[in-house]
Amino acid sequence: MYSDKLNLLPPYLFASLDELKRDKIKQGVDVINLGVGDPDLPTPPHIIDTLCKAARDPKNHKYPSYNGMPEFREAVARWYKNRFGVSLDMDKEVIALIGSKEGIAHLPLAFLNKDDLALVPDPAYTVYRIGVILAGGIPIPMPLLKENDFKPDLSKIDKKTRKYSKILFISYPNNPTSATVDESFYKEVVDFAMDNDLIVCSDNAYSEIYFDGYKPPSFLDVKNAKNVGVEFNSLSKTYNMTGWRIGYLVGNEDIVQGLGKVKTNVDSGVFNAVQIAATEALLGDQSCVEDNRKVYNERRDVLLKGLNNLGFDAMKPLATFYVWAKIPDGYDSLSFSKFLLDNAGIVVTPGVGFGEYGEGYIRFALTEKVERIEECINRISRLKNR
Ligand SMILES: Cc1ncc(COP(=O)(O)O)c(C=O)c1O
C-alpha cells in the first residue's frame, strides 16, 4: 500500500515505551515527563497580546505571502545582525517556515536527485535523515562520538562519499547531546564544504538557550559561510512557541530560494497574525529570553547534581535544555528507559531513537519544574537503594 520511500523510513522504535506510558497514566501513576523537547513554560504575554490583536484584523485572514511578510523577514534580518553580526538581505536571504521542522524536511527536495548522498549527524534530530529519504537521497551517518566532543570527524569521510554527497547537516547547540561548538568548528565545515562542493545546512534552533557565559555562534558568522550554506532557526524554543509553528531559513540566496520554490508548490505560508506576533517576539522586550535561561539553568544544575551524586556519567550542557547521560551497564537505552518508566514513573528518551550512535545514552529534557526534577532524582535514588 505504501510507497517505497515511506517504507524506507526508519521504524518507530518507541511503540512499546509509549504503550507503557499510557498504561502508567491510566493506572494513576504520577508520571514525570522529561521525554519531549517541548517547553512547559508559556509564550510571553506581549507576544500573545500581539497575536490576539492581529487575529482580529480581517486583512490577516487571507493567504499569507509565500516567502513571509516583509515585516517578519526584516525582523529576522535585524535580529541576526544584532545577535550574530550577520548581515542578511531580507528579500533574498530570508524565508519564513511553518516551524523549522517543515523547512528541514523540505529542503532536500530542492537539491537531491535520486541516490544523491547527504551527510547527516548521528545521533541527531531525526528530520534531517527523514527529509533526505523522502527526497530520494541516501543519508550517510556522521558519528558524533564522545571522544570527539560529539562533533563529526570530517577527516574520516572517505573520498567517494565526499564526491557523491550534496548536503551536509550540522546542528549546534546539539539535540540530543547538548554539545556546543565555537567558530573554529564552523571554519572547518566551510573549508570542507568548499573543497567538496557541499551545501551546508546548519540548524541553530537552540541558539538562545545557553549558560555559564557561553554564547552559541552562528554558522553564518564565519567567512565564506554564506557562499556554501544556510541556517535554520526557530522561535519555538527561544520564546516558548512550539505550538505556533514559525521558524525561518537564512543565508545563501540560491539555497534559500530553492527551498522557497518547493514551498510555493506545497504550502501557503504562515498565518499573518502569527508572523506579526513573531515579529514582536524578535524585536520586542527580550527579558523573557533571559528569564527562560534562568529557569533552565536552575533545572540543569539540580538534575546534574542529582545524577552525578547517583553515579551517572552525565555531561554538563553549556546550551540547550537537554542532559545527555550514559546508561548503567546491563541495559540498552530502550530497556533502561522502560525500566525508569516502569519502576519510577519517569519518562526519558532512549538515545537509540536519535540514531545508532545514540545507543548507550538517554536524554533528559528539562521541561518540568525544579520540584519535579528533584522528585525524579529521589525516585531514581530509591530505585538504586532497593
Ligand atoms: C534540533 C532541532 N531542530 C529543529 C527542531 C524543530 O523546531 P520547530 O519545527 O518547532 O521550529 C527541533 C525540535 O525539537 C530540534 O530539536
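Residues numbered from 1 in each chain as written. Predicted model: local features only at pLDDT ≥ 70, side-chain atom pairs only at ≥ 80, totals over all residues. Heavy atoms only, no water.

Structural notes on the pattern of salt bridges
Oppositely charged side chains can form a pair if their charged atoms are brought close together. Rules: Salt bridges are defined as contacts in which a side-chain nitrogen from Lys or Arg sits within 4 Å of a carboxyl oxygen from Asp or Glu. The helix count covers DSSP runs of H or I at least four residues long, the strand count covers runs of E at least two residues long, and both are numbered beginning at the N terminus. Partly exposed describes any residue whose relative accessible area lies between the buried limit of under 20% and the exposed limit of over 50%, with all areas from a 1.4 Å probe on protein chains only and scaled to the type maximum.
One pass over the full model with this rule turns up 20 salt bridges. Between arginine 379 and aspartate 30 there is a salt bridge, with its nearest N and O atoms 3.1 Å apart. Highlighted residues: arginine 379 in helix H14 (residues 370–384) and aspartate 30 in the loop between helix H2 (15–26) and strand S1 (32–33), separated in sequence by 349 residues. For arginine 379, a relative accessible area of 10% corresponds to the buried category. Exposure remark for aspartate 30: the relative accessible area of 41% places this residue in the partly exposed category. Close ionic contact of lysine 316 with aspartate 212 constitutes a salt bridge, the shortest N to O distance being 4.0 Å. Pair noted here: lysine 316 is in the loop between helix H12 (287–309) and strand S9 (322–326) and aspartate 212 is in the loop between strand S6 (199–203) and helix H9 (225–228), with a separation of 104 residues, a long-range link. The exposure class assigned to aspartate 212 is partly exposed, which follows from its relative accessible area of 44%. Taken together, the salt bridges that share partners define one network made up of Asp30, Glu368, Arg372, Glu375, Arg379 and Arg382.

A short note on the domain arrangement of the protein
Put simply, the test is: Domain extents, as shown, originate in an automatic or database domain assignment. The contact criterion used is simple: two residues touch if any of their non-hydrogen atoms lie within 4.5 Å. What gets called buried area is simply the loss in accessible area from a 1.4 Å probe that two parts show on being joined, summed for both. For the purposes of these results, a polar contact is taken to be a pair of N or O atoms within 3.5 Å, where, inside protein, one atom must be able to donate a hydrogen and its partner to accept one; residues adjacent in sequence count only when each atom of the pair is a side-chain atom. Any residue outside Ala, Val, Leu, Ile, Met, Phe, Trp, Tyr, Cys, Pro, Asp, Glu, Lys and Arg is labelled polar, Gly included; the first ten of those are nonpolar and the last four are charged.
Domain boundaries in the protein define domain 1 (4–42 + 287–384) and domain 2 (45–283). Between the C-alpha centres of domain 1 and domain 2 there is a distance of 25 Å. Taken together, the 35 residues of domain 1 in the interface contact 36 residues of domain 2. Between domain 1 and domain 2, the buried area comes to about 3200 Å², and carbon and sulfur atoms account for 63% of it. Run the count over domain 1 and domain 2 and you get three salt bridges. At the junction of domain 1 with domain 2, the criterion picks out 19 residue pairs in polar contact (both at pLDDT 80 or more). Elements that contribute at least two residues to the side of domain 1 that touches domain 2 include exactly helix H1 (4–8), H12, S9 and strand S12 (361–365). In terms of residue count, H12 provides more of the side of domain 1 that touches domain 2 than any other element does, seven residues in total. For the side of domain 1 that touches domain 2, the per-class residue count stands at 20 nonpolar, seven polar and eight charged.

Describing the site of the ligand
Stated precisely, the cut-off is as follows: Being near a molecule or strand, for a residue, means having at least one of its heavy atoms within 4 Å of it. Computed with a 1.4 Å probe, the accessible areas rest on the Shrake-Rupley method; for each residue, only the protein chains presented here act as cover.
Lining the immediate surroundings of the ligand are 15 residues, of which Asp203, Ser234, Ser236, Lys237 and Arg245 lie closest. For the ligand, an oxygen atom lies 2.7 Å from a polar atom in the side chain of tyrosine 206. Burial of the ligand by the surrounding chains reaches 92%, relative to a free accessible area of 400 Å². Considering each element in turn, the shell around the ligand owes the most residues, three residues, to helix H5 (residues 100–111). For the shell around the ligand, a count of residues per class yields five nonpolar, six polar and four charged.

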